[in-house]
Amino acid sequence: MTTIHEQAAVLALTRATRDEPWFHTARVILDAGGALKLLDGGCASRDEDDRAHAAAVAARVRPADLAWGRELVTAMRAEGVHLVTVADEAYPGNLLWAYDRPPFLWVRGGLRAGDHRAVAVIGDHDAGHAADAARALAEAGLIVVAPLRTPLDAAVHRAALAAGGRTVGVPEGGVDAPAAAEEYASVAERIAERGALVSSCWPGTAPGGSAATCARVVTCGLADCLYVVDGADGGPSSRHVEEALNTGKHVFVSQRLHQEQPWARRVAARGGMTAVQDIDDLCAQAVNLVDMAPRTNTC
């Protein structure tokens, strides 16, 4: 089991990351075999840029930074939030294989063995269709992943939970304030009781800006595949599709979206996207896909 000292080192190295994206730091931590080993000069990467980045972030970390990390982990535990870092065995396998994996996740609730059998449900407007899809996926025994940002997202979580399923919610911002608006606080509480709320942002981070990008990375990364209900070009749904395809995740879209939105047809031409006839077709194909995927770890 990873120690609080190792976790604190991951936090300190991430905070010391200035000129590169955080996932670059996650990569060199993995290459070194851990954050403490990286601080000891243990980066084993053959890539010159990675070695330079590892040396730069390690040189910025001071003992006070490690003490700050330990204090933060302890304070969050007291609030019922635990930390999972890229150096932990519990780091979700679906996310581990994404090139832009975050160095750490704050989790309220708990991730479980079997959570890799997950489908993210994404949409912009049609909350009814999204809820129907979430309910059917939960009844099929799949985990439902969704943001927690809009009324549609809340409807997805409510429907899956009402069907007896587990959901993983991804707030846009810090997990210590899991609902982006007070109207979703009760939904966030139910998600944490039955599943997990997961964020890769620092505690206290407000919604918007880079927090939206972080939430999109985590949502797509935690899922084995995505189902996209609707969405306009350049909107949240299309950005989720781009993220998913860039990280090798398969995307299912509704037949209506495929027919009505030129952007969906353009993206489909790249491969990795399937238009499903209806929700029954979605469930059948999603179950087949997640059960064929290799299991990378227990989560």
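We now turn to the structure provided with this report. (Residues numbered from 1 in each chain as written. Predicted model: local features only at pLDDT ≥ 70, side-chain atom pairs only at ≥ 80, totals over all residues. Heavy atoms only, no water.)

Overview of the side chain of E243
Residue position: E243 is located in helix 11 (residues 236-246). Lacking a salt bridge, the buried E243 has R216 as its closest oppositely charged neighbour, with an N-O distance of 5.4 Å. Aside from chain neighbours lying at most four places away, what touches E243 is D100, R216, V217 and C220. (Helix = DSSP H or I, 4+ residues; strand = E, 2+ residues; numbered from the N terminus. Buried < 20%, exposed > 50% of the residue type's maximum accessible area, 1.4 Å probe, protein only. Lys, Arg positive; Asp, Glu negative; His and termini not counted. Salt bridge = Lys/Arg side-chain N within 4 Å of Asp/Glu carboxyl O. Contact = heavy atoms within 4.5 Å.)

Remarks on the pairing of strand 2 (residues 104-109)
For strand 2, the tally of buried residues reaches 5 of 6 residues, placing the bulk of the element in the interior. Here 5 bridges tie strand 1 (residues 81-85) to strand 2, and the two strands are oriented antiparallel to one another. Looking across to strand 2, one finds that L83 is bridged to W106. Two elements, strand 2 and strand 6 (residues 196-199), share 4 bridges in a ladder whose sense is antiparallel. Within strand 6, the position partnered with R108 by the bridge is L197. (Pairing = 2+ DSSP bridges.)

Observations concerning a negative patch on the surface
On the surface, D19, E20, D31, D47, E48 and D49 cluster together into a patch of negative charge. By the secondary structure assignment, E20 is in the loop between helix 1 (4-15) and helix 2 (22-32). Using a relative accessible area of 37% as the deciding quantity, one classes E20 as partly exposed. (Patch = residues over 30% accessible without salt bridge, like charges linked within 9 Å, V, L, I, M, F, W, Y side chains within 5 Å. Areas by Shrake-Rupley, 256 points an atom, 1.4 Å probe, with all protein chains shown as cover. Charge placed at Lys NZ, Arg CZ, Asp CG, Glu CD.)

Brief notes about the environment of I191
With respect to the secondary-structure elements, I191 resides in helix 9 (residues 185-194). With relative accessibility at 0%, the residue I191 sits in the buried group. In sequence terms I191 and L282 are 91 residues apart; their C-alpha atoms lie 23 Å from each other. Every residue in contact with I191, bar those within four places of it in the chain, is listed here: L148, H157, L161, T167, G169, A196 and L197.

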